[in-house]
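Fold and contact review
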Amino acid sequence: LFARAFERTVVSRARLAPMSFADELRATALALSAPGKGILAADESTGTIGKRLASIGVENAIENRVALRELLFSAPGFEKYVSGVILFDETLRSTGKSGTSFAEMLRSRGVTPGIKVDAGTRALDASPNETFTQGLDGLAERCEEYYDMGARFAKWRAVLTIDEAKGLPSALALAENANALARYASACQSRGLVPIVEPEILMDGAHGIEVCGAVTRRVLDAVFSALRLHGVQLDGMILKPNMVTPGASAKTSANVDAEVARATVAALCDTVPPSVPGILFLSGGQSEEEATERLRLMNTTQKADRAPWTLSFSYGRALQASCLKAWGGKSENVSAAQAVFLDRCKSNSEASIRR
């Protein structure tokens with residue numbers, strides 16, 4: 001009897017813990033999902049941003065990483081289009097030229113700072129062609145620290161692969177990644193951070209759009225089942241999924257953008273509860289133009305009552321690629337690069353408005 005009473009107490013406390021932040025989580029999630037705004041994903045790891053800097057002939061030194069982030073965060077008027085920015089640990093701890101932390105710089109402009117909390121992927125021992133995401137150890141303590149540093153949302157990315165011949169994604173990969181996303185989301189909410197739940201299905205392969213649609217439904221079904229099991233507050237989270245696209249090496253029709261928009265909204269309507277305030281897409285392997293146009297089509301050609309959530313963007317490369325080239329690591333190009341960045345932000349903002 002004591003054991004059962006103790007178990008009930010533990011479960012009760014676990015489920016009640018997020019309630020102290022319930023109103024704040026709801027308000028933050030709604031702010032991040034504001035119509036006409038999206039999220040800038042500037043959470044590239046040191047290695048990833050190093051590759052992007054190398055593409056323009058710039059050394060992967062901390063002063064150059066800070067200079068690029070300051071270029072983005074100080075762009076005049078970008079707060080009109082961007083509700084939040086996902087930061088990397090180093091960036092959250094960094095300051096701009098004025099000595100102001102990047103988190104404070106963003107907050108002063110009405111932009112919510114967020115933080116990437118996963119520790120990257122690792123191959124599954126039982127299915128080495130698939131991965132699980134690391135970072136649950138010590139997550140609660142990191143969330144508390146990040147909240148104290150000014151972050152109000154977090155991001156965790158799970159990666160899944162389609163390979164029809166090998167039967168991927170496997171049931172194991174689905175279960176492992178869905179459970180990790182739910183554990184992460186629960187830990188974040190109990191420490192005041194809105195979790196961005198990102199189950200990314202890679203575009204690699206020659207599969208058709210119908211296959212991606214079916215796999216997307218399986219993945220989202222598994223994810224929301226796990227989120228419910230862990231007592232996650234659905235109106236205090238953001239979903240960051242892939243769009244439903246053909247494989248990168250598949251043959252496509254001339255009308256592929258409209259097909260992507262239709263298939264994506266259909267899959268989401270079948271799987272995502274209406275209580276989730278915002279679905280902010282990742283750009284994945286899409287070009288800047290594709291990511292923007294497909295988002296626009298979702299918001300202009302699909303019936304509003306079929307999509308009860310905000311459909312917007314949480315883009316990294318699709319907002320930064322042209323800006324990076326325009327900058328080239330040279331201080332004299334900052335204004336020109338910011339203009340390119342603002343143009344990309346504005347285009348995606350307009351694409352996210354329901355018409």
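In case you missed it, the structure is sitting above this.
For the structure given in this document, a descriptive report is provided here. Small disclaimer: the values here were computed from a predicted structure and weren't measured.

Our next topic: the overall build of the chain. Scanning the chain for helices and strands turns up 13 helices and 10 strands. Against the globule reference of 20 Å for 355 residues, the chain gives a C-alpha radius of gyration of 20 Å, in line with a compact fold. With the C-alpha coordinates of the chain rotated into their principal frame, the extents come out at 70 × 50 × 40 Å. Split into buried and exposed, the 355 residues of the chain put 53% on the buried side. Considering only contacts in the chain between residues 6 or more positions apart, those separated by 24 or more positions represent 80%. Of the roughly 15200 Å² of accessible surface on the chain, 52% is carried by carbon and sulfur atoms. Averaging the locations of the 41 positively and 40 negatively charged side chains of the chain gives two centres separated by 3 Å.

Our next topic: empty space enclosed by the protein. In the structure shown here, the tally under the stated rule is 1 cavity of 30 Å³ or more. Empty space within the largest cavity amounts to approximately 40 Å³. Taken together, Ala158, Leu160, Leu174, Asn177, Ala178, Leu181, Pro199, Val219, Ala222 and Val223 form the lining of the largest cavity. Of all the secondary structure elements, the ones that give two or more residues to the lining of the largest cavity are β6 (153-160), α8 (171-189) and α9 (209-229). A total of 4 residues in the lining of the largest cavity trace back to one element, the largest contributor, which is α8. Broken down by class, the residue content of the lining of the largest cavity amounts to 9 nonpolar, 1 polar and no charged.

Right, let's talk about the pairing of strand β5 (residues 127-133) for a bit. Sheet analysis places strand β4 (residues 121-124) next to β5, joined by 4 bridges and oriented antiparallel. Looking at β5, one finds that Arg122 is bridged to Phe132. Following β4, the chain reverses through 2 residues before pairing antiparallel with β5.

Following the sequence through the fold, Thr46 ends up in helix α3 (residues 46-54). Since its relative accessible area comes to 31%, Thr46 is described here as partly exposed. Not counting chain neighbours up to four residues away, the residues in contact with Thr46 comprise Asn60, Arg65, Phe88 and Glu90.

In contact at an axis separation of 8 Å, helix α11 (residues 288-301) and helix α13 (residues 334-351) are set at 25 degrees when each is read in the N-to-C sense. Relative to α13, α11 is oriented roughly parallel. Residues Glu288, Glu289, Ala291, Thr292, Leu295, Arg296 and Asn299 of α11 pack against Arg344, Ser347, Asn348 and Ala351 of α13. Residues of the contact of α11 with α13, tallied by class, amount to 3 nonpolar, 4 polar and 4 charged.

Time to look at unusual backbone geometry. The linkage connecting Leu168 with the following residue, Pro169, adopts the cis geometry, with an omega of 10 degrees. Note on placement: Pro169 falls in the loop between β6 and α8.

Here is what the cut-offs are and how they apply
Residues numbered from 1 in each chain as written. Predicted model: local features only at pLDDT ≥ 70, side-chain atom pairs only at ≥ 80, totals over all residues. Heavy atoms only, no water. Helix = DSSP H or I, 4+ residues; strand = E, 2+ residues; numbered from the N terminus. Rg over C-alpha atoms; globule rule 2.2 N^0.38 Å. Buried < 20%, exposed > 50% of the residue type's maximum accessible area, 1.4 Å probe, protein only. Contact = heavy atoms within 4.5 Å. Areas by Shrake-Rupley, 256 points an atom, 1.4 Å probe, with all protein chains shown as cover. Lys, Arg positive; Asp, Glu negative; His and termini not counted. Charge placed at Lys NZ, Arg CZ, Asp CG, Glu CD. 1 Å grid on protein atoms, 1.4 Å probe; cavity = no way out; pocket = protein on both sides within 12 Å on 5 of 7 lines; lining within 4 Å. Points joined across faces, edges and corners; volume = space filled by probe spheres on them. Nonpolar A, V, L, I, M, F, W, Y, C, P; charged D, E, K, R; others polar. Pairing = 2+ DSSP bridges. Axes fitted to C-alpha atoms, helices over the stretch in contact; angles between N-to-C directions. Parallel < 35°, antiparallel > 145°, perpendicular 65-115°, else oblique.

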